[in-house]
Amino acid sequence: MPEIYDLILHNVQLVSLASEEDYGIIENAVVAIKDGDIRAIYEADSKQIAGLHTEQAIDGLGQLLTPGLIDCHSHLIYAGNRANEYEMRLNGATYQQLAEAGGGILSTVKATRQTSQDELFDLAAKRLSYLIDEGVTSIEMKSGYGLDLTNERKMLKVAQQLGRFSGIEVSKTFLGAHALPPEYKDRSDDYIEFVCEKMMPTLKEENLIDCVDAFCESIGFNLEQTERIFKKAQSLGLPVKLHAEQLSDLKGAKLASEYNAWSVDHLEFLAVEDIGALKQSNTVATLLPAAYYFLSETQLPPIKALRQAGVPIAIATDHNPGSSPCLSILLTMNMAATLFKLTPLEALKGVTINAAKALRIDDRVGSIEVGKQADLVLWDLESPAELSYRIGGNACSMVIKQGEVIVDKGVG
Ligand code: NIG
Ligand code: FE
């Protein structure tokens, strides 16, 4: 009996990203899908094509087919916005000054605490829809605007619900150590104790944590406090990642590598001598060019040295209301190329295979290969470099998640 596929996509220019060196293009390819997975990939002139049986067939009309895009660092769940702070910054205040004056992250904490789970779900689902429309099929979301048990739980439950109802996969990150809540003013060690001894174990028990993050920075938490969090996560069997070296070099990335962090993120102030530690621990360097852009930063991450060392580089939106109100992964790719001088191939890998590595889901997604999930995006474009080259305009024509069409704008 010949296998009957659920879906066959034919007449596509396939960008597999299955190779280390290049795009891995297969011109005029055919992808056969069953039970949500890629079962076979053929070149159209192959003799096997004639004998294929399928429930459904889609003609890609020669369009570009890439893996589903992955946003591996976002703070998508929150209430309110900080356009007023944007205006204050443009009148001379700095991001750090706003934070020190009780604005910044804490103003979003206030708004988020006052908002119900259902309302937060609606707000985040709306934001997520922009990303899905641009081909995002997996995303990471952090807590960190609750900063107490009830509200961190509320945020993580929204992330869990979005994973169930948005049609795409959500990785849930506990970022209890994002900022010091007002009720712990001048008692940051006590707050870290509460994060470690109360919130982390409770939320882990409730299956709401996939990974633990912290903001290691002068306006966040110091290296010692960060290590305390990592030790506790390790004892609970939870993996870690870190907001590191965004505004200064506190040696967070090096520490995170010692705890085999999934990724270290931002890295503008990463010292070149600490890159070896990342390589050794398979820690992904996640760059966030939209935050760099929006804060008008001038210090570039050590990209050449990361590249030379062979550290996988991921790119993410870092969507949040304070430093990156960016809801476009395509624009983020353009920024990675234009501002950080990543090649268009590196930018595309940054939002696919390397972002998958940053979430430790690269065994299932991130490239188009037999055995992986059928997370695929069709683009009305002629070459993969156009994904980074364009500024605005969304050429995505179809998004497929685990073999199901979740966005269909009509091919052709
Ligand atoms: O990744 N750096 C810390 N966290 C966010 C900013 C959050 C905020 O300003 O609300 C970031 O840039
Ligand atoms: Fe962030």
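Residues numbered from 1 in each chain as written. Chains lettered and ligands numbered in written order. Predicted model: local features only at pLDDT ≥ 70, side-chain atom pairs only at ≥ 80, totals over all residues. Heavy atoms only, no water.

Novice: Got a minute to help me understand the site of ligand 1 in this structure?
Specialist: Every one of the 15 residues lining ligand 1 counts as a neighbour, but Arg82, Tyr95, Tyr145, His178 and Ser323 are closest to it. Side-chain polar atom of Asp318 to an oxygen atom of ligand 1: 2.9 Å apart, as the coordinates give it. Isolated, ligand 1 exposes 330 Å² of accessible area, and the fraction of that covered by the protein chains is 100%. Classifying every residue of the shell around ligand 1 by side-chain character gives four nonpolar, nine polar and two charged. (Near = heavy atom within 4 Å. Polar contact = N/O pair within 3.5 Å; in protein donor to acceptor, adjacent residues only side chain to side chain. Areas by Shrake-Rupley, 256 points an atom, 1.4 Å probe, with all protein chains shown as cover. Nonpolar A, V, L, I, M, F, W, Y, C, P; charged D, E, K, R; others polar.)

Novice: Looking at this structure, I do not really get the pattern of salt bridges. What am I missing?
Specialist: Opposite charge on two side chains allows them to pair when their charged atoms are near. Under the criterion given, the structure shown has 23 salt bridges. When the shortest N-O distance is used, the salt bridge between Lys401 and Glu169 registers 3.8 Å. Taken together, the residues span a long stretch of sequence, with Lys401 in strand 15 (residues 396–401) and Glu169 in strand 8 (residues 169–177) at a distance of 232 residues. Residue Lys401 is classed as buried on the basis of its relative accessible area of 5%. Judged by relative accessible area, Glu169 falls into the partly exposed class, the value being 22%. A salt bridge links Glu369 to Lys372; its shortest N-O distance comes to 3.8 Å. Note on Glu369: relative accessible area 30%, which makes it partly exposed. One salt-bridge network, in which partners are shared between bridges, spans Glu140, Lys142, Asp213 and Lys241. (Salt bridge = Lys/Arg side-chain N within 4 Å of Asp/Glu carboxyl O. Helix = DSSP H or I, 4+ residues; strand = E, 2+ residues; numbered from the N terminus. Buried < 20%, exposed > 50% of the residue type's maximum accessible area, 1.4 Å probe, protein only.)

Novice: How should the coordination of the iron ion (ligand 2) be read in this particular structure?
Specialist: In an ideal tetrahedron of four donors about a metal, each angle is 109.5 degrees. In an ideal octahedron of six donors, the angles are 90 or 180 degrees. Protein ligation of the iron ion (ligand 2) involves His73 (NE2), His75 (NE2), His243 (NE2) and Asp318 (OD), the donor distances falling in the range 2.1 to 2.4 Å. All donors of the iron ion (ligand 2) belong to a single chain; written as a sequence motif, their spacing is H-x1-H-x167-H-x74-D. Residue classification places His73 among the buried positions, given a relative accessible area of 0%. Among the residues examined, His75 registers a relative accessible area of 2% and is labelled buried. (Donors = N, O, S within 2.8 Å, 3.2 Å for Na, K, Ca; no water.)

Novice: Is there a simple way to explain the pairing of strand 15 in this structure?
Specialist: Sheet faces and side chains relate simply in a regular strand, where the side chains alternate between the two faces. Of all the six residues making up strand 15, six are buried; the element is thus mostly covered by neighbouring parts of the structure. The pairing of strand 14 (residues 376–379) with strand 15 spans four bridges and is classified as antiparallel. From the neighbouring strand, Leu376 faces strand 15, where its bridge partner is Ile400. Sheet analysis places strand 15 next to strand 16 (residues 404–408), joined by four bridges and oriented antiparallel. Its bridge partner lying in strand 16, Val399 is registered against Val407. (Pairing = 2+ DSSP bridges.)

Novice: What is the right way to look at the environment of Gln56 in this model?
Specialist: Note that Gln56 resides in strand 4 (residues 53–59). Discounting residues that sit within four places of it in the chain, Gln56 has contacts with Asp6, Leu7 and Ile8. (Contact = heavy atoms within 4.5 Å.)

Novice: How should the confidence of the model for the protein be read in this particular structure?
Specialist: The predicted coordinates ought not to be read in detail in places where the model reports low pLDDT. Confidence in the prediction for the protein averages 96 pLDDT; 100% of positions are at 70 or higher. Ranking the helices and strands of the protein by mean pLDDT puts strand 6 (residues 69–71) first, with 99, and helix 2 (residues 95–100) last, with 88. (pLDDT = per-residue confidence, 0-100.)

Novice: Looking at this structure, how should I read the packing of aromatic side chains?
Specialist: Aromatic rings considered in pairs are described by the distance between their centres and by the relative angle of their planes. Here the structure, examined in full by the defined rule, presents eight aromatic pairs. Measuring from ring centre to ring centre gives 6.1 Å for Tyr78 and Tyr145, while their planes differ by 70°; the resulting arrangement is edge-to-face. Here Tyr145 lies in the loop between strand 7 (136–142) and helix 5 (149–165) and Tyr78 lies in the loop between strand 6 and helix 1 (83–90), a separation of 67 residues in the sequence. Grouping aromatic residues by their ring pairs yields a cluster made of Tyr184, Tyr191, Phe194 and Phe221. The ring of Tyr78 is capped by Arg127, whose NZ or CZ atom sits 3.6 Å from the centre of that ring. (Phe/Tyr/Trp six-rings, centres within 6.5 Å; stacked < 30°, edge-to-face > 60°. Lys NZ or Arg CZ within 6 Å of the ring centre and 35° of its normal.)

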